[in-house]
2 protein chains.
Amino acid sequence: MIAEAGRMPEFSPRQNVVLEQALRLLVEGGEKALTTSGLARAAHCSKESLYKWFGDREGLLAAMIAHQASKVRTFERSGERLNAVLLREHLELFARDLLEVLAGDVSLALNRLAIGQSNRDGSKLGKLLLEHGRRQIDRRAIALIDAGKRAGLLRFDDADAAYHTLYGLIVSDLHVRMLLGEPGLKDNARQAQKAVDAFLTLHGTQKDSGEALRAASGR
Amino acid sequence: MIAEAGRMPEFSPRQNVVLEQALRLLVEGGEKALTTSGLARAAHCSKESLYKWFGDREGLLAAMIAHQASKVRTFERSGERLNAVLLREHLELFARDLLEVLAGDVSLALNRLAIGQSNRDGSKLGKLLLEHGRRQIDRRAIALIDAGKRAGLLRFDDADAAYHTLYGLIVSDLHVRMLLGEPGLKDNARQAQKAVDAFLTLHGTQKDSGEALRAASGR
DNA sequence: CAATTTCCGTACCGTACGGTACGGTTCGGG
DNA sequence: CCCGAACCGTACCGTACGGTACGGAAATTG
């Protein structure tokens, strides 16, 4: 173990190119299309190098998840002072970002891959995907609603429970439906508004309606 | 096409036994464990019979979904007159049933299977799973909340949207987490209560708290 | 420039899958 | 009782995968 944990592995540029090709193959053709031979051909490298760099197939899959996660850094700017309008805007932005991320090609492909493997490998990939892909966005949301509580705009006992409520209101069963092949929503922004309205009805401290606030803030 | 639609295929008893074995193999070992040879061995039938009965592998998977769906008939008793207590109880019962179904071994295995195939076969299995496995429970819930509205106990514009809200409050991201290999909840009933409380806060017409109602009804 | 390491492309190996073919057996109808 | 259909068990075929081995090219190092 090295002192600087959390950002240790990180691959060489050449390896990143290979991982990018691997993701492309996975997105285009699913798990069956991601073969060692196929990846070597597509990325113009040798199978021998693949096994030297990533160990075996599972190591390659794990590397793909880590690589993808390293591309989605979520910024946390919690500097500004919150008011009701700002909180609502940040919540809606989070909701739209979440819906967009979940509907992304690569996200869906990786989730399908991990789910497909999750009952024969002891769900190692599943754990990895949840930790790498989810922790970032979870922390952003919890930090936001915690700030809302400190500013007296939200009321709840358990931040984690409140966050799960928010998540459920935003996503409902959409994620699973998309994983099963259904198309996404026509209007993510509308869904984000509705979800945040409901969330503020449940946990907000002010009685103003979403409509009124949106009218007041000029959209 | 035969006149009696909706319950046409239905397999012979022998075939149902084979399908049951197929589900067992799938639950125990995932998709990789469900091979034609393995199934023939486990079910004491010949591969030739499998191909005669189900066509090919995909036909077998579809038959497994249909077979499983045929076992989960949901009863609709909408006779009795609704009041606030009764509505809440029915909503909580629905929530508990939903959580229990989603956490079931066979349900998780079939969902994993369909999701794993959904980006290489045009999501045919995904459609099938959503239609067979979901329509029943969706209709039960929508009938319930529609009855709630007719009884003046619920208020909403779009029953479908309200149902999706209820679903999100009950399930949140739990289904995906379980598909990825995480264990389920410790207490489904508690989660069901919380979700129904929130749903009634959003769409109920009466201001009584869940706590008060539960105390009044003696649990 | 020479030595050494890294890498590529290909060929190869064992295995296991989906699907087919076939001989022997069971079983129900005439 | 006999015939045909359905079925079982097994053997077989072509294919494609994960993983390894090897010879030669390219790049790195001193």
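Here the residue numbering is sequential within each chain, running from 1 through the sequence in written order. All chains are assigned letters beginning with A, and all ligands numbers beginning with 1, in the order in which they are written. In keeping with the predicted nature of the model, local features appear solely for residues at pLDDT of at least 70, side-chain atom pairs appear and are counted solely at 80 or more, and the whole-chain, interface and lining totals rest on all residues. Note that the side-chain values use all heavy atoms of the structure and ignore hydrogens as well as water.

### Considering the overall build of chain A
Inference 1: Under the DSSP-based scheme used, a helix requires at least four consecutive residues in state H or I and a strand at least two consecutive residues in state E, with every element numbered from the N terminus. Scanning chain A from terminus to terminus reveals 11 helices and zero strands.
Inference 2: N-terminal to C-terminal, the α/β element order of chain A is α-α-α-α-α-α-α-α-α-α-α.
Inference 3: With 219 residues in all, chain A has 47% of them scored as buried.
Inference 4: The contact definition used throughout considers only heavy atoms, calling two residues in contact when any of these lie within 4.5 Å. In chain A, 73% of the contacts between residues at least 6 apart in sequence involve partners at least 24 apart.
Inference 5: As displayed, chain A has an accessible area near 11,100 Å², and 52% of this comes from carbon and sulfur atoms. Categorising residues by exposure relies on relative accessible area from a 1.4 Å probe, with only protein chains included: less than 20% of the type maximum marks a residue as buried, more than 50% marks it as exposed, and the intermediate range marks it as partly exposed. The accessible surface values rely on the Shrake-Rupley method and a 1.4 Å probe; as for residues, cover is taken only from the protein chains in view.

### Thoughts on the confidence of the model for chain A
Inference 1: Per-residue confidence from the predictor is reported as pLDDT, which spans 0 to 100. For chain A, per-residue confidence averages 90 on the pLDDT scale, and 89% of positions sit at 70 or higher.
Inference 2: Counting contacts from residues 1–8 of chain A, a segment whose pLDDT is below 50, to residues more than four positions away or on other chains yields two contacts.

### What about the relation of the copies chain A and chain B?
Inference 1: In screw terms, the move from chain A to chain B is a rotation of 180 degrees and a rise of 0.0 Å along the axis, fitting with an RMSD of 0.0 Å. Taken together, the rotation and translation relating the two chain copies correspond to the operation of a two-fold axis. By C-alpha distance to the rotation axis, the residue of chain A lying nearest is Gly168 of chain A, at 2.1 Å.
Inference 2: Here 100% of the interface residues in chain A have copies in chain B that are interface residues too; the copies meet face to matching face. The copies were overlaid with a least-squares fit restricted to C-alpha atoms from residues scoring a pLDDT of at least 70 in each copy.

### Quick look at helix α7 (residues 124–150) of chain A
Inference 1: Here α7 of chain A spans 37 Å end to end across 27 residues, near enough to the 39 Å set by a 1.5 Å rise per residue.
Inference 2: A positive phi of about 75 degrees marks Gly152 of chain A, the residue just after α7 of chain A. Here, expected helix span is obtained from the residue count minus one, scaled by 1.5 Å.

### Quick notes on the protein's contact with DNA strand D
Inference 1: Here, proximity means that at least one heavy atom of the residue falls within 4 Å of the molecule or strand. Close to DNA strand D lie 15 residues, the nearest being Lys47, Glu48, Tyr51 and Arg57 of chain A together with Arg14 of chain B.
Inference 2: Here a polar contact means two N or O atoms within 3.5 Å. Within protein one must be a hydrogen donor candidate and the other an acceptor candidate, and residues neighboring in sequence count only if both atoms are side-chain atoms. Glu48 of chain A places a polar side-chain atom, nitrogen or oxygen, 2.4 Å from a base nitrogen of DNA strand D.
Inference 3: Side-chain polar atom of Arg14 of chain B to a phosphate oxygen of DNA strand D: 2.7 Å apart, as the coordinates give it.
Inference 4: Where the surface near DNA strand D is concerned, the elements lending two or more residues are α3 (47–54) of chain A together with α3 (47–54) of chain B.
Inference 5: Element by element, the count of residues in the surface near DNA strand D is highest for α3 of chain B, at four residues.
Inference 6: Ten residues, namely Ala, Val, Leu, Ile, Met, Phe, Trp, Tyr, Cys and Pro, are considered nonpolar, four, namely Asp, Glu, Lys and Arg, are considered charged, and the remaining ones, Gly among them, are considered polar. Class assignment for the residues of the surface near DNA strand D results in three nonpolar, five polar and seven charged.

### Quick word on the interface of chain A and chain B
Inference 1: Listed by partner, the interface residues are 34 residues for chain A and 34 residues for chain B.
Inference 2: Note on terms: buried area is the combined drop in 1.4 Å-probe accessible area of two parts once they are placed together, counting the loss on both. Broken down residue by residue, the surface that chain A buries against chain B is led by Ile115, Asn119 and Leu180 of chain A, which jointly contribute 20%.
Inference 3: Note on definitions: salt bridges are taken to be side-chain nitrogens of Lys or Arg within 4 Å of carboxyl oxygens of Asp or Glu. The interface formed by chain A and chain B holds two salt bridges in total.
Inference 4: The closest approach of N and O atoms between Asp173 of chain A and Arg134 of chain B, which form a salt bridge, is 3.2 Å.
Inference 5: Along the contact surface separating chain A from chain B lie eight residue pairs in polar contact (both at pLDDT 80 or more).
Inference 6: Of all the secondary structure elements, the ones that give two or more residues to the side of chain A that touches chain B are α1 (13–33), α6 (105–117), α7, α8 (159–171), α9 (174–179) and α10 (188–203) of chain A.
Inference 7: Among the residues forming the side of chain A that touches chain B, the class breakdown is 12 nonpolar, 14 polar and eight charged.

### Quick look at unusual backbone geometry
All names here are of chain B.
Inference 1: With a phi angle near 55 degrees, His44 is a residue other than glycine that sits in the positive phi range.
Inference 2: If you trace the backbone, His44 turns up in the loop between α2 (36–43) and α3.
Inference 3: Its identity as a non-glycine residue notwithstanding, Ser172 has a phi of 50 degrees, on the positive side.

### Considering the protein's contact with DNA strand C
Inference 1: Surveying the vicinity of DNA strand C reveals 15 residues, the closest of which are Arg14 and Ser49 of chain A together with Lys47, Glu48 and Arg57 of chain B.
Inference 2: A breakdown of the atoms of DNA strand C within 4 Å of the protein gives sugar and phosphate a share of 57%.
Inference 3: With respect to DNA strand C, the side chain of Glu48 of chain A contributes an N or O atom lying 3.1 Å from a base nitrogen.
Inference 4: In the environment of DNA strand C, a base oxygen lies 2.4 Å from a nitrogen or oxygen atom belonging to the side chain of Lys47 of chain B.
Inference 5: For the surface near DNA strand C, the secondary-structure elements that each account for two or more residues are α3 of chain A together with α3 of chain B.
Inference 6: A class-by-class count of the residues in the surface near DNA strand C yields three nonpolar, five polar and seven charged.

### Considering the side chain of His203 of chain B
All names here are of chain B.
Inference 1: As for its position among the elements, His203 is in helix α10 (residues 188–203).
Inference 2: When its relative accessible area of 16% is taken as the criterion, His203 is described as buried.
Inference 3: Apart from the residues within four sequence positions on either side, His203 is in contact with Leu153, Leu154, Arg155, Phe156, Ala162 and Thr165.

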